[in-house]
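Architecture at a glance
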Amino acid sequence: MQPFTKHTGLAVILDSANVDTDQIIPKQFLSKVTRDGFGVHLFHDWRYLDDAGEQPNPSFNLNKPRYQGASILVSQENFGCGSSREHAPWALADFGFKVIIAPSFADIFYGNSINNGLLPVKLADAEVKQLMLEVDTNEGAEIQVDLESLTVTSPSGAVFNFEIAGSARHNLLNGLDAIGLTLSHADTIAKYEAQIPGWRA
């Protein structure tokens, strides 16, 4: 997992509440056993007019030329609700997103995102609406997200503060998933195991 400190990127709007994980990555695409290759299926039912994924929906924001290469997604409340599938943050990250900004997130999706290096940022509803307005009215608008200072800077320069648990912030800043965090304590674990008496028959 790559460390996350600060990211400035093109933003795209998904102006919908209660975006569930089955919309983020539909169940028919869950057969892969690795984390790669899910991005092409992200928001499949919204991005395409056909089941085969050969006819892009021109009205969906992710298909519009002005949003190509977007790495920050701005959406509405309760993002990532529904089933607990970890494939949802996999698909978002594989597509190229680094940050998801919303007023609220489903708890399991929020944790899965952090564990996979995708930063979920909770902002007040009014702040999210301001970001959406600025992005919508300024083609090519970029947002800056700074995990060290816990700030989001809008395209106009407005600064919003956000909160995140200290442990989650530490792991993201240092690029640690659950395994990486455990391995960072390898010396301590080895010392403890060395003190355990051997088993005797």
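First things first, this report covers the structure right here in the doc. (Residues numbered from 1 in each chain as written. Predicted model: local features only at pLDDT ≥ 70, side-chain atom pairs only at ≥ 80, totals over all residues. Heavy atoms only, no water.)

**Regarding the overall build of the chain**
Along its length, the chain carries 8 helices and 7 strands. In terms of overall dimensions, the chain has C-alpha extents of about 70 × 40 × 25 Å along its principal axes. Buried residues in the chain amount to 44% of all 201 residues. Across the chain, every contact between residues at least 6 apart in sequence was considered, and the portion connecting residues at least 24 apart equals 64%. When the accessible surface of the chain is totalled, it reaches about 10,600 Å², and 50% of it is carbon and sulfur. Computed over 14 positive and 24 negative side-chain charges, the inter-centroid distance for the chain is 6 Å. (Helix = DSSP H or I, 4+ residues; strand = E, 2+ residues; numbered from the N terminus. Buried < 20%, exposed > 50% of the residue type's maximum accessible area, 1.4 Å probe, protein only. Contact = heavy atoms within 4.5 Å. Areas by Shrake-Rupley, 256 points an atom, 1.4 Å probe, with all protein chains shown as cover. Lys, Arg positive; Asp, Glu negative; His and termini not counted. Charge placed at Lys NZ, Arg CZ, Asp CG, Glu CD.)

**With respect to unusual backbone geometry**
Although it is not a glycine, Phe43 adopts a positive phi angle of roughly 50 degrees. Phe43 sits in the buried class, given a relative accessible area of 0%. Residue Asn78 is not a glycine yet carries a positive backbone phi of 60 degrees. Here Asn78 lies in the loop between β2 (72–75) and α3 (87–95).

**As for helix α6 (residues 166–174)**
Among the residues making up α6, those that are buried are Ala168, Asn171, Leu172 and Leu173. Count one or two residues on from α6 and you reach Gly175, which has phi positive near 65 degrees.

**Considering the layout of surface pockets**
Taken as a whole, the largest pocket holds about 360 Å³ of empty space. Every residue lining the largest pocket is counted, 16 residues in all, and those nearest its centre are Met1, Ala93, Lys98, Asn116 and Gly117. Here the lining of the largest pocket is built from residues that sort into 8 nonpolar, 3 polar and 5 charged. (1 Å grid on protein atoms, 1.4 Å probe; cavity = no way out; pocket = protein on both sides within 12 Å on 5 of 7 lines; lining within 4 Å. Points joined across faces, edges and corners; volume = space filled by probe spheres on them. Nonpolar A, V, L, I, M, F, W, Y, C, P; charged D, E, K, R; others polar.)

**Some details on the packing of α3 against helix α4 (residues 107–115)**
Close contact between α3 and α4 brings their axes to 8 Å; oriented N to C, the two are set at 50 degrees. Taken together, the axis directions place α3 and α4 in an arrangement best described as oblique. For α3 against α4, the interelement crossing comes out right-handed. Mapping the contact onto sequence places Ala88, Pro89 and Leu92 in α3 and Phe109, Asn112 and Ser113 in α4. Class assignment for the residues of the contact of α3 with α4 results in 4 nonpolar, 2 polar and no charged. (Axes fitted to C-alpha atoms, helices over the stretch in contact; angles between N-to-C directions. Parallel < 35°, antiparallel > 145°, perpendicular 65-115°, else oblique. Left-handed = near helix turned anticlockwise from the far one by under 90°.)

**Notes on the nonpolar core**
Phe43, Phe79, Leu92 and Ile101 are the most contacted members of the largest nonpolar core, which totals 55 residues. With 5 residues, the top contributor of residues to this core is strand β1 (residues 6–14). Not counting chain neighbours up to four residues away, the residues in contact with Phe79 comprise Leu14, Val19, Ile24, Phe43, Leu73, Leu92, Ile100, Ala102, Ser104, Phe105, Ala106 and Phe109. (Core = buried A, V, L, I, M, F, W, Y, C linked by side-chain atoms within 4.5 Å.)

**Notes on the sheet that holds β2**
With mixed pairing, 7 strands are arranged side by side in an open sheet as β4-β3-β2-β1-β5-β6-β7. Taken across any chain shown, the strands that pair with only one partner, and hence form the sheet edges, are β4 (119–122) and β7 (159–161). Sheet twist, expressed as the average angle between the axes of neighbouring strands with direction ignored, equals 30 degrees. Examined bridge by bridge, β2 and strand β3 (residues 99–102) share 3 bridges and lie parallel to one another. Paired with Leu73 across the two strands is Ile100, which belongs to β3. (Pairing = 2+ DSSP bridges.)

**Side note on the pairing of β2**
Where burial is concerned, the two faces of β2 agree: the one with Ile72 and Val74 and the one with Leu73 and Ser75 are both buried. Summarising the sheet, β1 and β2 pair through 4 bridges and their orientation is parallel. Residue pairing across strands places Ile13 opposite Val74, the latter belonging to β2. With α3 bridging β2 and its parallel neighbour β3, the resulting β-α-β unit is right-handed. (Right-handed = clockwise from strand over helix to strand, strands pointing away.)

**As for the pattern of salt bridges**
This structure, assessed with the given rule, holds 3 salt bridges. With its nearest N and O atoms 3.6 Å apart, the salt bridge here joins Lys6 to Asp146. Residue Lys6 is located in strand β1, and its partner Asp146 is located in strand β5 (residues 142–146); the two are separated by 140 residues in the primary sequence. For Asp146, a relative accessible area of 9% corresponds to the buried category. Among the ionic pairs, Asp125 bridges to Lys129, the shortest N-O distance being 3.2 Å. Residue Asp125 and its partner Lys129 are located together in helix α5 (residues 125–137), separated by 4 residues, close to a single helical turn. (Salt bridge = Lys/Arg side-chain N within 4 Å of Asp/Glu carboxyl O.)

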